[in-house]
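So the chains spell out like this:
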Amino acid sequence: MALYLGVMSGTSLDGLDIALIEQEQRLTLLATHYIPMPETLRQTLLGLCSSGPDEIARAALAEAEWVRLAAQGIQHLLQTRQLQPQAIRAIGSHGQTIRHEPARGFTVQIGNPALLAELTGITVVGDFRRRDVAAGGQGAPLAPAFHETLFEAQGERLAVLNVGGFSNLSLIERDTPVSGFDCGPGNVLLDAWISEKQGHGYDANGAWAASGQVVPGLLNSLMSDPFFAGTGPKSTGREVFNLPWLMQHLSKQPTLPDQDVQATLLEVTALSIVSSLQAAQQKTQALLVCGGGAHNGTLMKRLAELLPNARVSSTAVCGVDPDWVEAMAFAWLAHCCLEGIAGNRPSVTGAQGLRILGAIYPA
């Protein structure tokens, strides 16, 4: 029995997901633990997503705080399962992305795997993305290889959609290499706008968006961004889609009701997903959704409306909790690294070939 832990902290910056898996002939999720992101740390991490004074020191201090939080969560999970650190073969730690600019040859995730190994007494595999970037790839998304492993037995023309801060697709068909790419903003603009106007962290169930009306002029302006016209391999982040980007587009519009802006942002998320899916995979039979967006009823309804010939559902219909897919993926990637198995897919990232991802920090 090989046990692995996966630690994932996504672009939504809402918290840390920790998943315990057993990796034998098939993968089994055994336990989970969620830690909300402290607001002071969240604001620090947001600030590190753009240039600022003394950012090297600020990043070093922030990642130490992030690691201590992750270590506390890991220790709590092990205690509840009555497991000793020696029982865990490795932790797969994604770290926290603060910059992602593969066109300029870099992606940065902070998370100090050496400190995490020291605090937990468990071998840590981290720094998964940079090897793919070094090989000419985007370094993201990395989940499609895991989605293929997890869902290929469905035997359909299948798409797996992760909606976190940003949305990405994995396209899975029998006898065809998995493909995938980022679609654009998932929750990042929705969260930013409701935070700006109402002080909430997110739009629960998409209720505020549902109360508004889509504004065609604003929608067309937002969808004119060159990112949406590109085809995969492609990835994106807060460097492209952020509140100042939205404000720039709003400055060209008449004054709009706040809820109409939210409704239009949700339509951007839905349209960018569906248009890129239809361009890349013909006659999709099923769309499985994971990540926080799976809980946004308004978004799920809109996706179903835009894809009338596909079954749109949460990954829960396949027995996989949508909240833990990404953390499971990095536990699995730690397994791949230790076993010498390639974790990237050139058809997804554009890398020059298959690569073993991650750097190992022994306990």
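Treat the numbers as computed from the prediction; the structure is a model and nothing was measured.

Analysis parameters
- Residues numbered from 1 in each chain as written.
- Predicted model: local features only at pLDDT ≥ 70, side-chain atom pairs only at ≥ 80, totals over all residues.
- Heavy atoms only, no water.
- Helix = DSSP H or I, 4+ residues; strand = E, 2+ residues; numbered from the N terminus.
- Expected span 1.5 Å × (residues − 1).
- Buried < 20%, exposed > 50% of the residue type's maximum accessible area, 1.4 Å probe, protein only.
- Contact = heavy atoms within 4.5 Å.
- Pairing = 2+ DSSP bridges.
- Axes fitted to C-alpha atoms, helices over the stretch in contact; angles between N-to-C directions.
- Parallel < 35°, antiparallel > 145°, perpendicular 65-115°, else oblique.
- Nonpolar A, V, L, I, M, F, W, Y, C, P; charged D, E, K, R; others polar.
- UniProt positions renumbered as here; feature names shortened; annotations may be inferred.
- Salt bridge = Lys/Arg side-chain N within 4 Å of Asp/Glu carboxyl O.

Draft legend 1. Examining helix α13 (residues 325–339) more closely. Taking 1.5 Å per residue, 15 residues should reach 21 Å; α13 reaches 21 Å between its end C-alpha atoms and fits that length. With 13 of 15 residues buried, α13 lies mostly within the body of the structure. Downstream of α13 by one or two residues, G340 has phi in the positive range, about 70°.

Draft legend 2. Spotlight on unusual backbone geometry. With an omega of -10°, the peptide bond between A140 and P141 qualifies as cis. Note on placement: P141 falls in the loop between α4 (129–134) and α5 (143–151). Cis geometry marks the peptide bond from G232 to P233, where omega comes out at 0°. Summarising the element assignment, P233 is placed in the loop between α9 (226–229) and α10 (243–250).

Draft legend 3. Representation of the side chain of R238 within the structure. Along the chain, the position of R238 falls in the loop between α9 and α10. Those residues within four positions of R238 in sequence are excluded, and the remaining contacts are T11, S12, L13, L46, C49, F166 and V188.

Draft legend 4. The arrangement of the environment of L77 in detail. Residue position: L77 is located in helix α2 (residues 55–80). In the structure, L77 is positioned 143 residues away from N220 in sequence and 46 Å away in space, judged by C-alpha atoms. If sequence neighbours within four positions are ignored, L77 has contacts with L5, I18, L20, A31, T32 and H33.

Draft legend 5. Representation of the pairing of strand β3 (residues 27–36) in the model. Sheet topology note: the strand β2 (residues 15–23)/β3 ladder contains nine bridges and is antiparallel. Counted as the bridge partner of A19 is T32 from β3. Counted between consecutive antiparallel strands, the loop separating β2 from β3 contains three residues.

Draft legend 6. View of helix α6 (residues 188–198). Where α6 is concerned, the buried positions are V188, L189, L190, D191, W193 and I194. On its buried face, α6 is in contact with β8 (166–173), β9 (176–185), α7 (207–210), α10 and α11 (258–280).

Draft legend 7. Geometry of the packing of α5 against α13. Close contact between α5 and α13 brings their axes to 10 Å; oriented N to C, the two are set at 95°. Taken together, α5 and α13 sit at an angle that is classed as roughly perpendicular. When α5 is examined against α13, the residues A143, A145, F146, H147 and T149 are found in contact with a partner set consisting of V325, E326, M328, A329 and W332. In terms of residue class, the contact of α5 with α13 is built from seven nonpolar, two polar and one charged.

Draft legend 8. The UniProt feature "binding site: ATP" (unreviewed entry) in the chain, seen in detail. Under the UniProt annotation, "binding site: ATP" (unreviewed entry) lies at G10, T11, S12, L13, D14, G15, L16 and D17. One can find G10 in the loop between β1 (3–9) and β2. Its relative accessible area of 22% is what places G10 among the partly exposed residues. The residue S12 is located in the loop between β1 and β2 in this model. According to the relative accessible area criterion, S12 is buried, its value standing at 17%.

Draft legend 9. Molecular detail of the pattern of salt bridges. Summed over all chains, the structure comprises nine salt bridges. A salt bridge links R311 to E156; the nearest nitrogen and oxygen atoms lie 2.6 Å apart. Of the two residues, R311 is situated in strand β11 (residues 311–314) and E156 in the loop between α5 and β7 (158–163); the sequence distance between them amounts to 155 residues. Through salt bridges with shared partners, a single network forms among E267, R302 and E305.

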